[in-house]
Amino acid sequence: MTTAFLTHPDGLDHATPPGHAECADRLRAVTEALTTEGFAGLLREEAPLADEAELLRAHPQGYIDAVKAAIPAEGTASLDPDTHVSPGSFRAALRALGGTLRAVDMVMAGAAANAFVAMRPPGHHAEAARAMGFCLFSNIAIAAKYALDRYGLARVAVVDFDVHHGNGTQDLLWSEPRTLFVSSHQMPLYPGTGEAAETGAADNVLNLPLAPRSDGRAFRAAFEAHALPRLEAFAPELVLVSAGFDAHAADPLAELAWRTEDFAWITHRLCDIAETHSGGRLVSTLEGGYDLEALGASAAAHVAVLMERGA
């Protein structure tokens, strides 16, 4: 068994305005970090284009049409003050979703032990009919629904360790009792959701808000006290991960103080859950992370653990 790594150059064609934090250099930083000798054993695949109909698992047709209509012939267009599209954005978004769904297929078929998908735009802020927070479509929520329906799974866990709350994922899985959504995030911070009292329609949401300047020790204590017991009790048949690396102390958009080794630690703990309950099946997809050096190092640490545990 091995770790699959899925990406595609189309992810570079989603252009944002000059100086925007969510830029093509993010994808370059991740892919370059995974080209060193230690990552030679990755099973590398190009992220395929998702069938546009897969978007309907989470988004109404009217919203999909509106995003397509907003794509400019040249330059960039704004969907909100933070979220922009360019001529290559819709195709890049279909690659981001397609890579995530292909990764699910690979781990479910036993073609890979686990997988990491590095594409952009990210997805965890996209709500059913609203683009926001740099995100167009909710890749991880669609992947959860896809896994439940295609493979007849009874329980899928989605764990989001991005520094920003995954409001879109929560929105889309709120009423899905076959999922458990766990999010650790800084609070207060954009988008303003993610209070501990937000628990889902079927008690299927667990939010772990962290105070600004919380370090890795504080995060580990909260995760061990609350998230790990819930995940163990839920016994997921597949673990999906929204892997944002912007909780790093160097990140310019937030105020948590994690270090690279904290991302390795959480990856080990999620692999523990997957090995105990899911046959090791885990799919991770890139969300945030805006200091390029920290992003590359943290993503490399994350994938190194996946490779170690998937061997």
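See the structure above.
Conventions adopted
In this numbering scheme, every chain counts its residues from 1 along its sequence in written order. For a predicted model such as this one, the threshold for reporting local features is a pLDDT of at least 70, and the threshold for listing and counting side-chain atom pairs is 80 or more; totals across whole chains, interfaces and linings nevertheless cover every residue. The side-chain values count all of the structure's non-hydrogen atoms but skip hydrogen atoms and water molecules. Only the six-membered ring of Trp is used, alongside the rings of Phe and Tyr, when aromatic pairs are assigned; centres must lie within 6.5 Å, and planes under 30 degrees apart are stacked while those over 60 apart are edge-to-face, with the rest tilted. Counting from the N terminus, the helices are the DSSP runs of H or I reaching at least four residues and the strands are the DSSP runs of E reaching at least two. Buried, partly exposed and exposed residues are distinguished by accessible area as a fraction of the type maximum, computed with a 1.4 Å probe on protein chains only: under 20%, between the cut-offs, and over 50%, respectively. For this analysis, a nonpolar core means a set of buried residues of the types Ala, Val, Leu, Ile, Met, Phe, Trp, Tyr and Cys, connected via side-chain atoms within 4.5 Å. The contact rule is simple, with two residues in contact once any of their heavy atoms fall within 4.5 Å. The arc refers to the directions leading from the helix axis to the C-beta atoms. Paired strands are those between which DSSP finds at least two bridges.

Caption draft 1: How the structure looks around the packing of aromatic side chains. According to the stated counting rule, one finds 13 aromatic pairs in the structure shown. Here Phe161 and Phe245 contribute two aromatic rings whose centre-to-centre distance is 5.9 Å and whose plane-to-plane angle is 65 degrees, an arrangement assigned as edge-to-face. Within this pair, whereas Phe161 is found in the loop between β6 (156–160) and α5 (167–173), its partner Phe245 is found in the loop between β9 (238–243) and α7 (260–277), the two being separated by 84 residues in sequence. Between Phe161 and Phe263, the aromatic rings sit 6.0 Å apart at their centres with planes inclined by 50 degrees, giving tilted as the arrangement. One end of the pair, Phe161, is in the loop between β6 and α5; the other, Phe263, is in helix α7, and 102 residues separate them in sequence. When sorted by exposure, Phe161 lands in the same class as Phe263, which is buried. Within the aromatic cluster, the residues linked to one another by ring pairs are Phe161, Phe219, Phe223, Phe245, Trp258, Phe263 and Trp265.

Caption draft 2: How the structure looks around the environment of Glu293. Summarising the element assignment, Glu293 is placed in helix α8 (residues 292–310). Given a relative accessible area of 69%, Glu293 falls into the exposed group. Residues Glu293 and Thr100, spaced 193 residues apart in sequence, show a C-alpha to C-alpha distance of 24 Å.

Caption draft 3: Local environment of the nonpolar core. Ranked by size, the top nonpolar core spans 49 residues in total, and within it Leu34, Phe116, Phe161, Phe223, Leu231 and Leu270 carry the most contacts. Apart from residues lying up to four places away in sequence, Phe161 is in contact with Ser184, Val241, Ser242, Ala243, Gly244, Phe245, Trp258, Phe263, Ile266, Leu270 and His302. Among the nonpolar cores identified, the runner-up in size contains 47 residues, and Ala50, Ile71, Val85 and Met106 belong to it.

Caption draft 4: View of helix α2 (residues 61–70). If you check which residues of α2 are buried, you get Tyr63, Ile64 and Val67. The arc that holds the buried residues of α2, viewed along the axis, is 100 degrees, so those residues lie on one side. Across from the buried face of α2, at angles greater than 90 degrees, the exposed residues are Gly62 and Ala69. At its buried positions, α2 is contacted by α3 (89–109).

Caption draft 5: Quick peek at the pairing of strand β7 (residues 179–186). Across the eight residues that make up β7, a large majority, eight, are buried. Burial along β7 is two-sided: the face carrying Thr179, Phe181, Ser183 and His185 and the face carrying Leu180, Val182, Ser184 and Gln186 are both buried. Alignment of β6 against β7, held across five bridges, turns out to be parallel. In the strand pairing of β7, Val156 is matched with Thr179. Bridging between β7 and strand β8 (residues 205–210) involves six bridges; their strand directions are parallel. Residue pairing for β8: Val182 is matched across the bridge by Leu206.

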